[in-house]
Amino acid sequence: EDKLEWALSLPYDGFNVTSPYKEKICKFLNSFSGDVLPVNTILNQDGELRGYNTDSWGFIRAIKMARADVGRVGIIGNGGAAKAIQSALNKISRTPRMINSRIAFNEQTRPDGDYILKDLTGIINCTPYQDFNLDGLPESAWVMDLGYKDDTFIKNARARGNFAFNGMGMLIAQAEESQRIWNS
């Protein structure tokens, strides 16, 4: 609450939040826009707070910039960003997707379970963890990590021959969308 009061005292039309505040701030909002919670962008209109989630929008822009095939995409994680990405994929692709927690992913990629990876056209890491076994993932599949730099996950994917990219493009697209919301 103290951080929210501080943010509202600033002379701005809005602000962004990230984990762990994406969910915590929802109870202070007057309304929501869109179909995905939690939120990461707040619009302050004369003390009325409206929440938006720009993760979906940013992800779609990043995927289009990367020209990534969204045929069958695996999502590692089950937090707010993973939910937003699932929502985005539902808008731009009609094929099934799987959502995994970090523990489930590592269990499904053991030698007896790598068939789950072999059918993917892409995989997205929506967690801060980097220790995923990508054995079984086709070289033709793309790999994305929502982090803003090339960490171990990205480097390991590139070493395997996969096209891999980080979340910087998504972050920039989210910033553009936040500006559009605040300036509308």
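Our subject is the structure listed above.
Residues numbered from 1 in each chain as written. Predicted model: local features only at pLDDT ≥ 70, side-chain atom pairs only at ≥ 80, totals over all residues. Heavy atoms only, no water.

Chemist: A description of the packing of helix 3 (residues 55-66) against helix 4 (residues 80-92) should follow, citing residues and the corresponding values.
Modeler: Put simply, helix 3 and helix 4 touch, their axes get as near as 8 Å, and they point 60 degrees apart. In terms of their interaxial angle, helix 3 and helix 4 are classed as oblique. Viewed along their axes, helix 3 and helix 4 form a crossing whose handedness is right-handed. Each of D55, S56, F59 and I60 in helix 3 lies in contact with helix 4, whose residues at this interface are G80, A81, A84, I85, S87, A88, L89 and I92. Taken together, the residues of the contact of helix 3 with helix 4 break down into eight nonpolar, three polar and one charged. (Axes fitted to C-alpha atoms, helices over the stretch in contact; angles between N-to-C directions. Helix = DSSP H or I, 4+ residues; strand = E, 2+ residues; numbered from the N terminus. Parallel < 35°, antiparallel > 145°, perpendicular 65-115°, else oblique. Left-handed = near helix turned anticlockwise from the far one by under 90°. Contact = heavy atoms within 4.5 Å. Nonpolar A, V, L, I, M, F, W, Y, C, P; charged D, E, K, R; others polar.)

Chemist: Which residues make up the layout of surface pockets, and what are the values?
Modeler: Space inside the largest pocket adds up to approximately 750 Å³. Every residue lining the largest pocket is counted, 35 residues in all, and those nearest its centre are T18, S19, K22, A81 and L146. Going through the elements one at a time, helix 2 (21-24), helix 4 and helix 8 (168-183) are the ones with two or more residues in the lining of the largest pocket. Per-element tally for the lining of the largest pocket: the top contributor is helix 8, with five residues. Looking at side-chain class alone, the lining of the largest pocket contains 12 nonpolar, 17 polar and six charged residues. Taken as a whole, the second largest pocket holds about 310 Å³ of empty space. (1 Å grid on protein atoms, 1.4 Å probe; cavity = no way out; pocket = protein on both sides within 12 Å on 5 of 7 lines; lining within 4 Å. Points joined across faces, edges and corners; volume = space filled by probe spheres on them.)

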